Structures are given as C-alpha cells and as structure tokens.
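Notes for the structure review
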Amino acid sequence: MKPDLSRRRMLLGLMAGASAPFLAGCDRMTQNAEFGAVLRNTEKLTMGAQRLLLGAHALAPEYSVADLSPVFRANGTQEPDSDEYARLREHGFTDWRLQVDGLVQQPLSLTLADLKRLPSRTQITRHDCVEGWSAIGQWQGVALGRILDLARLKPGARYVVFHCADELEATLDGSGRYYESIDLLDAYHPQTILAYAMNGKDLPVAHGAPLRLRVERQLGYKHAKYLMRIEVVSAFDKLWGGRGGYWEDRGYEWYAGI
Amino acid sequence: MTGQLVRRHSVAVRITHWVNVLCLSILLMSGLQIFNAHPRLYWGKYGADPDPAFITIAQGFPTWLTIPSYQDLASGRNWHFLFAWLLVINGLIYLVHGFLRGHVRRDLWPERDQLKPRHLWQEIMDHARLRFPKGDEARRYNALQKMTYLLVALVLLPLMVLTGLTMSPGLDAAFPFLPDLFGGRPSARTLHFITASALVLFVVVHVLMVVLSGFWNNMRSMLTGRYAIEHSGSDHEA
C-alpha cells in the first residue's frame, strides 16, 4: 500500500474518531424527549415569523409556459394499489365522489363534473420537495375556499383534513394511509386549489388523479394526491398519529413553509 | 515569554465567536444530512432527477459527517433550522455590536498603509514563509486577515442565510425577488452548497493559522481577551 494512501486513511480515521462522541451525543439528544421537543418547537417560531411576513394573501411566484419542467417528477405513490381505486380508474373516475364533511352545515358529495362546472383557476407554480428538488408545472382547479363556502363551515372549524386513496405503508390499522391537513388561512389562500388538470391535460394517475391539493406556499408533501374526502375539524390530534399528516406522523413539520 | 499582554477581543466578539463555532459545526453536519436526501445540485428555476445536474455526489456524504449519524431527513431539518435561528440572532448581535462599537471600523477595515501593493505582496510572502508579525505590527490584524474576516462576516455568512431562505417556498411568496436574485430555487441551493464549501475552506485555513501563529496565545485571547505581543527587532527565541 502506498504510504500517502494509508496516511490519508489514518487522517480520515482520526476525524471520524473525533466526530464519533460528538455525533453520539447529537443522536442521543435527537431521541431525548425534552430536547426533541425543543427541536420540534423551532417549527412554531418559523411558522410565526413566516405568517408575520406573509400574511394571508402574499402569492407564491408564478411562472410562464417557457419555464415548465420538461418532465415533472412524480413522487410518493405512483398509483394507489387498492381494488376500489382500480375500479374508479377503469370507469374514468365517473363513479368517484369527493366527500366534504365534518364541521360543515351542508355535507357535499361532488362528482368530477360538478367540480369542473365551478369557476377554475390556472397557475404555473414551482413544486418544492422536502428532499431539495424542484419542478415547475401548470395546475388547473377549483379554489378550496369556494368548496368550503358551499359546505358552510360550522363554528369551531379550524383545520381542513384531506383523506387520500393511497397507502404509502401497508399496515393492518390503516395508519399507512396518506392524509394531510392545513389551517383555514392556507385553505382560503387564492392559490390553494383542488387541481383536476396538469399542464393542460387531465391530472395523470402518477400525479394524483382525479384530484389533488395545491397549497403553493408549502413543501410538496402537503400537496395531497388522490383526494377522496375532505373533513373539516377543530383539531387533528385524534387522527392517526395525531400530528396532522402521514409525514408529520413520521417526524416532519406540520408547517412546511421552509 | 517576554512581551506584553494587550486586550484583543471584546466580550461580545468572544461570545459570538464561540456561538458561531457551535452553530456552524451543527449547520454543516445537519446540512450534509439534508443534502444526502437528494445529492444532486442544479442551476435554474427547476431541477429534479429528469433534469441535468450541475454537481452530483453519487453516494452522498459519509454518515460520520451527518447529524443525526443515520439517515433521518426530518431530524436533520429540525437541527438545521434551530441552529439557523441561533446563527442569525448571533450574527445580528455581532453586526450591531461591530458597527456601533467600532469593531469593524477599528479592527477589521484595512488601513491605508496596509493596502499598498508593496505591503500586500510582503504580507503574502510572509504568510507563505509562515512568518508572523511581531511588536507593533502584531497589535493589529494584517490586511489579508482583515479582508478574509470581512469577506466571511459581510459576504459569505449573509449569502449563506439568504440562499437558505430562498429555498423556503413560504419566504419566496413573501419576498419574490429572492429566487430571482439567485436565478431560481435550485440555483440558490447550489450557491448554498458552494458558499458552505467556501466557509469550510476558511475554517481549515483559519484553524491552521491559529495553530501556526501561536496556538495558546490565540486561544487565550479568544477565551480571556488577552493577547501577548512579542517584542520585535530581536532574534530571541521565546
């Protein structure tokens, strides 16, 4: 073996050895209940600061057709594998219904045609994944606020929960089912839409057919695909893991503005 | 040792320096954890797997360099953002103190005589020969040192914060000029990585200079504020 190679290896070994106790300490702190709470509470500081700067109406940047990603990466579930979804897909989603219930005075059951009859918004926006990649796509759909107005919120309504058709993790109790939640401020934001079309065509299966959420001031995992049911709630702590979403239950922030 | 002890670093500089050491170490290591979730960098307004990469590090960074020391993007992000807040608050304290109390003007801004080409050349040669100033010249930072510290405090660290904030979809809605300024979110992520690399390079050279130019004297000055000035002119070995 060449001497310089072994010296480099020794140097790397020394650095690894020096970082080991520091890292072990960090790992222990990550799993420690109190410090874990401090770590997670940073989210509240970030959300408070962003809400102060953003307000209710600041719009996410919109782009032109020239900026569209040539290929928009599909992430998460590419096709839900339930028999129910397969049947819906086979019939061109004509049997699909969007249920709207929970703290509403008028529960709704909407067909895709019902949604398409409502006024629509088209926007070209950037999709930012928590992993670090970005893609630009065009989305068309109906404002979530309009649907909530049709259903008329009851007093005490604070969050909108999205129940999806896809199961990311196979579990016996169904806790691997994808779901998400946002608060009313984001639900009534003008760019928050239920999208049924992407880049001028019906929403592809890989991107959440027949309907997905777009909530443009937050990261990709908030944009729930394969929507089946929208539930208005006062709190989400009794739902599945209690943190308000599939990835939130696995440690990610509920407020995904950064 | 012969010589004289002078007050070199104020309490504010000493505290913010060591808070910075902690923050930058954790930000680097949790940053590598986040980088490993998608170890490709792009230039432009969009960038994902189907698009050509600007820089790719196929296997990502080794786990002994990441926080946590196993793959866990969610926890890595939590660490990164907590210490990013601390870095920003610490940096603001440093800058407000530095500008109001004269630290930047008095200690960091190069003086006229230091900027003469002949002097600068002399400094470069002295550095190359590892000859460090003594006597009165040791009372102030040399010009290369001053320019490096100014570059780090006024350019690299603010750039780090701004490119980091540009990756936030929330802040891009609040400040749409941010992604435009850096040519897009993927470009900002690439610049974040390059600037971090520049800071790592700075730290390596900085620590090397601390060791070579009198480790204990330098450490004492950054801990207690007191720095020993050696007499110049003589060839004594301390």
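Each value, and the rule that gives it
- Counting restarts for each chain: residues are numbered from 1 in the order of the written sequence.
- Following the order in which they are written, the chains are lettered starting with A and the ligands numbered starting with 1.
- With the structure being a predicted model, the display of local features is reserved for residues of pLDDT at least 70 and the display and counting of side-chain atom pairs for 80 or more, all residues being used for whole-chain, interface and lining totals.
- Counting from the N terminus, the helices are DSSP H or I runs at least four residues long and the strands are E runs at least two residues long.
- Throughout, a residue-residue contact means that the two C-beta atoms, derived from backbone geometry, are no farther apart than 7 Å.
- Following the grouping adopted for this structure description, the nonpolar residues are Ala, Val, Leu, Ile, Met, Phe, Trp, Tyr, Cys and Pro, the charged ones are Asp, Glu, Lys and Arg, and the polar ones are all others, Gly among them.
- The exposure label follows from counting other C-beta atoms within 10 Å of a residue's C-beta, where the C-beta atoms are placed from the backbone and the thresholds are 20 or more for buried and 12 or fewer for exposed, leaving partly exposed in between.
- Between any two strands, pairing holds if DSSP finds at least two bridges.
- UniProt positions are given in the numbering used here, feature names are shortened, and annotations may be inferred rather than shown by experiment.
- As used here, the arc is the angular range of directions from the helix axis to the C-beta atoms.
- Orientation is described by lines fitted to C-alpha atoms, with helices fitted over the stretch in contact, and by angles between N-to-C directions that extend from 0 to 180 degrees.
- Remark: nonpolar core denotes a set of buried Ala, Val, Leu, Ile, Met, Phe, Trp, Tyr and Cys residues whose joining runs through C-beta atoms within 7 Å.

Identification of chain A as Oxidoreductase molybdopterin-binding domain-containing protein from Cupriavidus pampae is taken from an unreviewed UniProt entry.

**Observations concerning the overall build of chain A**
Secondary structure summary: chain A contains 6 helices and 10 strands in total. Counting contacts in chain A only where the partners sit at least 6 residues apart, residues at least 24 apart contribute 69% of the total.

**Details of the interface of chain A and chain B**
Between chain A and chain B, the residue contacts involve 43 residues of the former and 34 residues of the latter. Listing elements by their share of the side of chain A that touches chain B, those giving two or more residues are helix 1 (3-31), helix 2 (33-54), strand 3 (121-128) and strand 4 (134-143) of chain A. In terms of residue count, the dominant contributor to the side of chain A that touches chain B is helix 2 of chain A (8 residues). Split by residue class, the side of chain A that touches chain B holds 22 nonpolar, 11 polar and 10 charged.

**Regarding the pairing of strand 4 of chain A**
Residues and elements named next belong to chain A. Burial within strand 4 is extensive, with 10 of its 10 residues counted as buried. With 8 bridges connecting them, strand 3 and strand 4 associate as antiparallel partners. Paired with arginine 126 across the two strands is isoleucine 136, which belongs to strand 4. The hairpin formed by strand 3 and strand 4 contains 5 residues between the paired strands, and glycine 132 there has a positive phi angle of roughly 125°. By the bridge criterion, 5 bridges tie strand 4 to strand 7 (residues 193-198) in an arrangement that is antiparallel. Counterpart to valine 142 in the pairing with strand 7 is leucine 194.

**Here we look at the UniProt feature "domain: Oxidoreductase molybdopterin-binding" (unreviewed entry) in chain A**
In this structure's numbering, the residues bearing the UniProt feature "domain: Oxidoreductase molybdopterin-binding" (unreviewed entry) are residues 94-234 of chain A. What you have in residues 94-234 of chain A is 13% helix and 43% strand, and the ends, taken at the C-alpha atoms, are 32 Å apart.

**Some points on helix 5 (residues 144-151) of chain A**
Residue and element names in this part refer to chain A. Every buried residue of helix 5 is listed here: Leu144, Ile147, Leu148 and Ala151. One side of helix 5 holds all its buried residues, which, seen down the axis, span an arc of 100°. On its buried side, helix 5 packs onto strand 1 (98-102), strand 2 (108-110), strand 4, helix 6 (184-187) and strand 7. Where helix 5 terminates, the next one or two residues include arginine 152, which has phi positive at roughly 55°.

**Some details on the sheet that holds strand 6 (residues 177-183) of chain A**
Residues and elements named next belong to chain A. If you walk across this open sheet you meet the 5 strands as 2-1-10-5-6, and the pairing is mixed. The strands lining the two open edges of the sheet, one partner per strand, are strand 2 and strand 6. Going across the sheet, the axis of each strand differs from the next one's by a mean of 20°, ignoring polarity. Pairing between strand 1 and strand 2: 3 bridges, direction antiparallel. Bridged to leucine 98 within strand 2 is leucine 110.

**Topic: the pairing of strand 6 of chain A**
Residues and elements named next belong to chain A. Among the 7 residues of strand 6, 5 are classified as buried, and the element is accordingly described as predominantly covered. Examined bridge by bridge, strand 5 (residues 159-167) and strand 6 share 6 bridges and lie antiparallel to one another. Note that in strand 6 the partner of histidine 163 across the bridge is tyrosine 179.

**Here we look at the nonpolar core**
Ranked by size, the top nonpolar core spans 68 residues in total, and within it Cys164, Leu194, Ala195 and Leu227 of chain A together with Phe83 of chain B carry the most contacts. Looking at which element gives the most residues to this core, the answer is helix 1 (residues 11-36) of chain B, with 8 residues. When near neighbours in sequence (up to four residues on either side) are disregarded, cysteine 164 of chain A contacts Arg177, Tyr178, Tyr179, Ala224, Lys225, Tyr226, Leu227 and Met228 of chain A.

**Some remarks on the environment of leucine 92 of chain B**
Residues and elements named next belong to chain B. Residue position: leucine 92 is located in helix 2 (residues 73-100). Here leucine 92 falls in the exposed class, since 11 other C-beta atoms lie within 10 Å of it. Each C-alpha atom, one on leucine 92 and one on threonine 16, is 9.8 Å from the other, the two residues being 76 residues apart in sequence.

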